[in-house]
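Listed below are the residues making up each chain.
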Amino acid sequence: MVGRTDPVILTLDSPVNPEVSIEFTLDGTNDEHVRMELIETMLIAFEFFPEVKAVLDREYPELHKATSITSLRDAMATFNKAAKTVTQPWKGTTPMSHCADQPIEGPLFKRIWTLVYNRSITDPRSLNKHYSAFSSETYGETSYDRMQKIIGHLKPSKKDVFVDLGSGIGQLVIHMAGASAVRKSVGIEIADLPFKYAKQLETEFKSFMRFFGKNPPASLPLGTREFLGPKVPPCHH
């Protein structure tokens, strides 16, 4: 997949929300990475929609071998065709309302979380460069396993609102929103660059949640410098 001058955009349609789709752009420099994202999205969808998997198993059994633009287009077209067989019965109704609010647990959420993170955080190294050494604003991400332990310790319910002060790029906020029963998950971040990434993470997360038939949470990473008010000036003696 080299030698192209124009980007190729492949679009996957949601098997449960007819108005939702996700685009994958291959620009000639990132093709293998995007190919893996595209295939991983389909594989995750199979976990939610076995009807779609059954069609792909029959009509495109060697999905993992799709490497060329042509083969990826064929796989995408087969997936989208199968997706319509799922969305049609839900047309004009609230799709899969019986499970749309259920949290996603275990390895499946980790796969979605990783996919969303990789699509959103294009330059992780820039986050550490953004802060001065030894400053009070030094950035540090929370690992997936650590976030799982936090959820296990807090055991949030549908009555709870989770607020993360100094939420960085919003990983814990996203994790709490997707993998727990919390009613609302909010992040507050005053630094510009992490907040910018948090908004990208929020957009991608909501898109994938809708794509897989899940209701996005009521709130996600929010906050500006103004939210916490002006900084207190230093004292002079």
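Residues numbered from 1 in each chain as written. Predicted model: local features only at pLDDT ≥ 70, side-chain atom pairs only at ≥ 80, totals over all residues. Heavy atoms only, no water.

- The name that an unreviewed UniProt entry assigns to the protein chain is Histone-lysine N-methyltransferase, H3 lysine-79 specific, with the source organism given as Steinernema hermaphroditum.
- Taken from UniProt, the Function (unreviewed entry) comment for the protein chain reads in full: "Histone methyltransferase that specifically trimethylates histone H3 to form H3K79me3. This methylation is required for telomere silencing and for the pachytene checkpoint during the meiotic cell cycle by allowing the recruitment of RAD9 to double strand breaks. Nucleosomes are preferred as substrate compared to free histone."
- Recorded under Subcellular location (unreviewed entry), the UniProt text for the protein chain is reproduced unchanged: "Nucleus". (UniProt positions renumbered as here; feature names shortened; annotations may be inferred.)

**What about the overall build of the protein chain?**
- Across its full length, the protein chain holds 8 helices and 4 strands.
- What you see in the protein chain, going N to C, is helices and strands ordered as β-β-α-α-α-α-α-α-β-α-β-α.
- Counting all 237 residues of the protein chain, 45% fall into the buried class.
- Accessible surface for the protein chain amounts to roughly 13,200 Å². Of this, 54% is attributable to carbon and sulfur atoms. (Helix = DSSP H or I, 4+ residues; strand = E, 2+ residues; numbered from the N terminus. Buried < 20%, exposed > 50% of the residue type's maximum accessible area, 1.4 Å probe, protein only. Areas by Shrake-Rupley, 256 points an atom, 1.4 Å probe, with all protein chains shown as cover.)

**Some remarks on the pairing of strand β3 (residues 161–165)**
- Because side chains alternate across β3, one face comprises the buried residues Phe162 and Asp164, and the other comprises Val161, Val163 and Leu165, none of which is buried.
- Note that β3 and strand β4 (residues 184–188) share 5 bridges and pair parallel. By the bridge assignment, valine 163 is partnered in β4 with valine 186.
- After leaving β3, the chain enters helix α7 (residues 171–179) and then returns to the sheet as β4, a path that is right-handed. (Pairing = 2+ DSSP bridges. Right-handed = clockwise from strand over helix to strand, strands pointing away.)

**Side note on the pattern of salt bridges**
- Enumeration according to the criterion identifies 9 salt bridges in this entry.
- The salt bridge partner of glutamate 59 is arginine 58, with a shortest N-O separation of 3.6 Å.
- We note a salt bridge from lysine 65 to glutamate 62, for which the minimum N-O separation is 3.4 Å.
- Taken together, the shared-partner salt bridges connect Glu37, Arg119 and Glu204 into one network. (Salt bridge = Lys/Arg side-chain N within 4 Å of Asp/Glu carboxyl O.)

**Things to note about the nonpolar core**
- In this structure, Leu12, Met42, Phe48, Val52, Phe79, Phe211 and Phe212 are the most contacted members of the largest nonpolar core, which totals 53 residues.
- Looking at this core element by element, the count peaks at 8 residues for helix α1 (residues 31–48).
- With residues near it in sequence (within four places) discarded, leucine 12 still touches Val20, Ser21, Ile22, Phe24, Leu38, Thr41, Met42, Met76, Phe79, Asn80 and Phe211.
- Core analysis: the next-biggest nonpolar cluster, separate from the first, contains 6 residues, Tyr117, Ile121, Leu127 and Ile169 among them. (Core = buried A, V, L, I, M, F, W, Y, C linked by side-chain atoms within 4.5 Å. Contact = heavy atoms within 4.5 Å.)

**So, the packing of α7 against helix α8 (residues 192–211)**
- With their axes 11 Å apart at the nearest point, α7 and α8 run at an angle of 20 degrees to one another. Comparing their axes, α8 and α7 come out roughly parallel. As α7 packs across α8, the resulting crossing turns out to be right-handed. On α8, the residues that touch Gln171, Ile174, Ala177 and Gly178 of α7 are Leu201, Glu202, Phe205 and Met209.
- For the contact of α7 with α8, the class distribution of residues is 5 nonpolar, 2 polar and 1 charged. (Axes fitted to C-alpha atoms, helices over the stretch in contact; angles between N-to-C directions. Parallel < 35°, antiparallel > 145°, perpendicular 65-115°, else oblique. Left-handed = near helix turned anticlockwise from the far one by under 90°. Nonpolar A, V, L, I, M, F, W, Y, C, P; charged D, E, K, R; others polar.)

**A few points about the packing of aromatic side chains**
- Following the criterion strictly, the structure yields 8 aromatic pairs and no others.
- Of the aromatic side chains, those joined through ring pairs into one cluster are Phe46, Phe48, Phe49, Phe79, Phe208, Phe211 and Phe212.
- The aromatic ring of phenylalanine 24 is capped on one face by arginine 119, whose charged end is 4.9 Å from the ring centroid. (Phe/Tyr/Trp six-rings, centres within 6.5 Å; stacked < 30°, edge-to-face > 60°. Lys NZ or Arg CZ within 6 Å of the ring centre and 35° of its normal.)

**Section: the environment of proline 18**
- Relative to the helices and strands, proline 18 resides in the loop between β1 (8–13) and β2 (21–26).
- Residue classification places proline 18 among the exposed positions, given a relative accessible area of 56%.
- Taking C-alpha positions, proline 18 is 9.0 Å from phenylalanine 211, a pair spaced 193 residues apart along the chain.

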